[in-house]
Amino acid sequence: MIQVRPSEQMRDLGVVQEGEPVLAEPARAFDLPTEREAAEQVIEKLFTAMERIGQVHPFAKGMGIAAPQIGIGRAAAIVQPASPDAPAIVLLNPRITDRSDEMDEQFEGCLSFFDVRGLVPRPLQITVETTTLGGQVATTTYERGLARLIHHEIDHLDGLLYTARMAAGVEPIPVEQYRLTGRAWAYEQ
């Protein structure tokens with residue numbers, strides 16, 4: 001039996017892989033509400049991709065996908081929280097306006113290089129400003145695991161991969177080694 005690497009599986013599901021220029025470029029913001037139809041089309045494509053990926057790989061800690069990861073250089077992303085009952089969070093033109101000084105370091109994965117996991121420090125709380133399809137500005141504060149997922153996707157829209165956030169000298173580990181840890185994101189209460 002031929003073993004398919006996780007990154008090859010993601011590529012086959014339509015996820016752009018590390019090294020493609022669209023992942024390293026800042027995404028172009030939507031002019032809302034003028035570009036509402038274009039934003040709706042990108043959101044629909046993101047939901048379709050998320051559904052396709054979710055049928056092949058379970059995401060116990062939640063999942064996110066940004067438009068550049070499906071080859072679209074626009075400022076849109078979707079995050080599905082870990083709770084299966086929670087609605088997906090749509091991020092249009094997101095911008096982090098505030099972050100806690102309190103940091104936390106956890107392993108993250110990325111659909112665009114799914115063969116490894118990296119230990120990434122991130123703030124435990126972020127405040128994010130987004131634009132609605134109608135052109136209004138909305139501000140929401142996220143904490144812990146959800147803040148981590150959303151920050152990861154906003155980084156994609158800024159042309160950054162999580163490796164840019166890792167401490168100097170720290171390298172991602174193979175997914176096989178990570179799986180042996182068997183740890184979900186843990187937070188001190």
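These notes cover the structure that comes with them.

About the thresholds
Residues numbered from 1 in each chain as written. Predicted model: local features only at pLDDT ≥ 70, side-chain atom pairs only at ≥ 80, totals over all residues. Heavy atoms only, no water. Helix = DSSP H or I, 4+ residues; strand = E, 2+ residues; numbered from the N terminus. Rg over C-alpha atoms; globule rule 2.2 N^0.38 Å. Buried < 20%, exposed > 50% of the residue type's maximum accessible area, 1.4 Å probe, protein only. Areas by Shrake-Rupley, 256 points an atom, 1.4 Å probe, with all protein chains shown as cover. Lys, Arg positive; Asp, Glu negative; His and termini not counted. Charge placed at Lys NZ, Arg CZ, Asp CG, Glu CD. Pairing = 2+ DSSP bridges. Contact = heavy atoms within 4.5 Å. Axes fitted to C-alpha atoms, helices over the stretch in contact; angles between N-to-C directions. Polar contact = N/O pair within 3.5 Å; in protein donor to acceptor, adjacent residues only side chain to side chain. Core = buried A, V, L, I, M, F, W, Y, C linked by side-chain atoms within 4.5 Å. Expected span 1.5 Å × (residues − 1). Arc of directions from axis to C-beta. Salt bridge = Lys/Arg side-chain N within 4 Å of Asp/Glu carboxyl O.

Another point: the overall build of the chain. A count of helices and strands for the chain gives four helices and nine strands. Traced from its N-terminal end to its C-terminal end, the chain shows the element sequence α-α-β-β-β-β-β-β-β-β-α-β-α. On C-alpha atoms alone, the chain measures out to a radius of gyration of 16 Å, which is about the 16 Å that the 2.2 N^0.38 rule sets for 189 residues. Its C-alpha atoms put the chain at 50 × 40 × 35 Å along the principal axes. In the chain, which comprises 189 residues, the proportion classed as buried is 46%. If you sum the accessible surface of the chain, you get close to 9900 Å²; carbon and sulfur atoms cover 51% of it. Looking at charge distribution, the chain has the averaged site of its 17 positive side-chain charges lying 2 Å from that of its 27 negative ones.

The strands that make up a sheet are held in pairs by hydrogen bonds between backbone atoms, and each pair lies either parallel or antiparallel. Strand order in this open sheet of three strands is β5-β6-β9, and the pairing throughout is antiparallel. Strands at the two margins of the open sheet, each flanked by one partner only, are β5 (103-108) and β9 (173-174). Looking at chain direction, strand β6 (residues 116-123) and β9 are connected through two bridges and run antiparallel. Bridge pairing in β9 links Arg-117 to Ile-173. Sitting on the sheet, helix α3 (residues 144-157) is in contact with β5 and β6, with an inclination near 105 degrees to β6.

By the element assignment, Arg-122 lies in strand β6. On the accessibility criterion, Arg-122 (1% relative accessible area) is buried. There is a polar contact of 2.9 Å between the side chain of Arg-122 and the side chain of Asp-155. When near neighbours in sequence (up to four residues on either side) are disregarded, Arg-122 contacts Glu-102, Met-103, Asp-104, Glu-108, Arg-148, His-151, His-152, Asp-155, Tyr-162 and Arg-165.

To continue, consider the nonpolar core. With 22 residues, the main nonpolar core has Ile-53, Ile-65 and Leu-111 as its most contacted residues. Those elements that place two or more of their residues in this core are α2 (36-56), β1 (63-66) and β2 (76-80). Here this core gets seven residues from one element, more than from any other, and that element is α2. Setting aside chain neighbours within four positions, we find Ile-65 in contact with Leu-46, Ala-49, Met-50, Ile-53, Ile-70, Ala-77, Ile-78, Leu-111 and Glu-153. Membership of the second largest hydrophobic core comes to 16 residues, among which are Ala-27, Ala-77, Ile-126 and Val-128.

Let us look at α3. Here α3 spans 20 Å end to end across 14 residues, near enough to the 20 Å set by a 1.5 Å rise per residue. Regarding α3, the residues found buried are Gly-145, Ala-147, Arg-148, Leu-149, Ile-150, His-151, His-152, Glu-153, Ile-154, Asp-155, His-156 and Leu-157. With its phi angle positive at about 80 degrees, Gly-159 sits one or two positions after the end of α3.

Across its 21 residues, α2 extends 31 Å between first and last C-alpha, which sits within 8% of the 30 Å expected from 1.5 Å per residue. For α2, the set of buried residues is Ala-39, Val-42, Ile-43, Leu-46, Ala-49, Met-50 and Ile-53. On an axial view of α2, the arc spanned by its buried residues comes to 125 degrees, and they lie on one face. Exposed and oriented more than 90 degrees from the buried face of α2 are Glu-37, Glu-44, Glu-51 and Gln-55. Its buried side turned inward, α2 meets α1 (6-12), β1, β2 and β3 (89-92).

This paragraph deals with the pattern of salt bridges. Across all of its chains, the model carries eleven salt bridges by this definition. The salt bridge involving Arg-5 is made with Asp-115; its shortest N-O contact spans 3.8 Å. Placement of Arg-5 in the segment before α1 and of Asp-115 in the loop between β5 and β6 is noted, with a sequence separation of 110 residues between them. Arg-122 serves as the salt-bridge partner of Glu-108, at 2.6 Å between the closest nitrogen and oxygen. In this pair, Glu-108 is assigned in strand β5 and Arg-122 in strand β6, connecting sequence segments 14 residues apart. Taken individually, Glu-108 and Arg-122 each receive the classification buried, so the pair is uniform in this respect. Salt bridges here are not isolated pairs; linked through shared partners, they connect Asp-104, Glu-108, Arg-122, Arg-148, Asp-155 and Arg-165.

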